[in-house]
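# Commentary on secondary and tertiary structure
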Amino acid sequence: MDYKKTNAPLNTVTRDLIEMSEQTGNIYETVCVVSKRANQIAVEMKKDLEKKLQEFASMNDNLEEISENREQIEISRYYEKLPKPTLIAEQEYDEKKIYFRNPAKEKDNIE
């Protein structure tokens, strides 16, 4: 999933958890699925940001030589304006783009 092209809202949205839990049948399982996906998205976003900011890393840690870099500031602002990982994960869950399974439930069905 390309989080840069998502249509997730930028602000917090009130959602009906009972309606959201229809896919799993359990509110807590739904929250767990969405939270795990949000963590995956957050890690991916952090890696991308660090990779882009690595270009601007200075080899010297001298305070006198550190200067503001306009491109670095713009990159940081861009990532700040993106939807939060939880909102992206909720949007993916609503659109049924998340694949999830519960091995405990599968084990119960086999026996």
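Note that this is a predicted model, so its numbers are computed, not measured.

Time to look at the packing of aromatic side chains. Summed over all chains, the structure comprises 2 aromatic pairs. Ring centres 5.6 Å apart and planes at 90 degrees place the aromatic pair Y78 and Y79 in the edge-to-face group. Among the residues examined, Y79 registers a relative accessible area of 8% and is labelled buried.

Here we take up the confidence of the model for the protein. Per-residue confidence for the protein gives a mean pLDDT of 80; residues scoring 70 or more make up 82%. Ranking the elements of the protein by mean pLDDT puts helix α5 (residues 103-110) last with 71 and helix α2 (residues 27-54) first with 91.

A few words on the pattern of salt bridges. Within the structure shown, the criterion is met by 4 salt bridges. For R15, the salt bridge goes to D94, with nearest N and O atoms at 2.7 Å. Note that R15 is positioned in the segment before α1 (17-20) and D94 in helix α4 (residues 85-94), a separation of 79 residues in sequence. For R15, a relative accessible area of 23% puts it in the partly exposed group. In this structure D94 comes out as partly exposed when scored by relative accessible area, which is 36%. A salt bridge links K97 to E95; its shortest N-O distance comes to 2.9 Å. The class of E95 is partly exposed, set by a relative accessible area of 30%. One salt-bridge network, held together by shared partners, links R15, E90 and D94.

Another aspect to go through is the side chain of Q91. Assignment of secondary structure puts Q91 in helix α4. Excluding residues within four positions of it along the chain, Q91 makes contact with N7, A8, P9 and R15.

Take a probe with the size of a water molecule and roll it over the atoms, and the empty space left behind shows itself. Put simply, the largest pocket is a space of about 290 Å³. If you go around the largest pocket, you meet 14 residues; those closest to its centre are V33, K36, I98, Y99 and F100. Per-element tally for the lining of the largest pocket: the top contributor is α2, with 6 residues. Grouping the amino acids of the lining of the largest pocket by side-chain chemistry returns 6 nonpolar, 2 polar and 6 charged.

The topology assignment puts S21 in the loop between α1 and α2. According to the relative accessible area criterion, S21 is buried, its value standing at 9%.

What follows covers the packing of α2 against α4. For the pair α2 and α4, interaxial distance at closest approach is 8 Å and the crossing angle is 125 degrees. Taken together, α2 and α4 sit at an angle that is classed as oblique. Seen along the crossing, α2 lies across α4 with a hand that is right-handed. For the pair formed by α2 and α4, the contact residues are T30, V33, V34, R37, A38, I41, A42 and M45 on the first element and P85, T86, I88, A89, E90, E92 and Y93 on the second. Across the contact of α2 with α4, the residue classes tally to 10 nonpolar, 2 polar and 3 charged.

What counts as what
Residues numbered from 1 in each chain as written. Predicted model: local features only at pLDDT ≥ 70, side-chain atom pairs only at ≥ 80, totals over all residues. Heavy atoms only, no water. Phe/Tyr/Trp six-rings, centres within 6.5 Å; stacked < 30°, edge-to-face > 60°. Buried < 20%, exposed > 50% of the residue type's maximum accessible area, 1.4 Å probe, protein only. pLDDT = per-residue confidence, 0-100. Helix = DSSP H or I, 4+ residues; strand = E, 2+ residues; numbered from the N terminus. Salt bridge = Lys/Arg side-chain N within 4 Å of Asp/Glu carboxyl O. Contact = heavy atoms within 4.5 Å. 1 Å grid on protein atoms, 1.4 Å probe; cavity = no way out; pocket = protein on both sides within 12 Å on 5 of 7 lines; lining within 4 Å. Points joined across faces, edges and corners; volume = space filled by probe spheres on them. Nonpolar A, V, L, I, M, F, W, Y, C, P; charged D, E, K, R; others polar. Axes fitted to C-alpha atoms, helices over the stretch in contact; angles between N-to-C directions. Parallel < 35°, antiparallel > 145°, perpendicular 65-115°, else oblique. Left-handed = near helix turned anticlockwise from the far one by under 90°.

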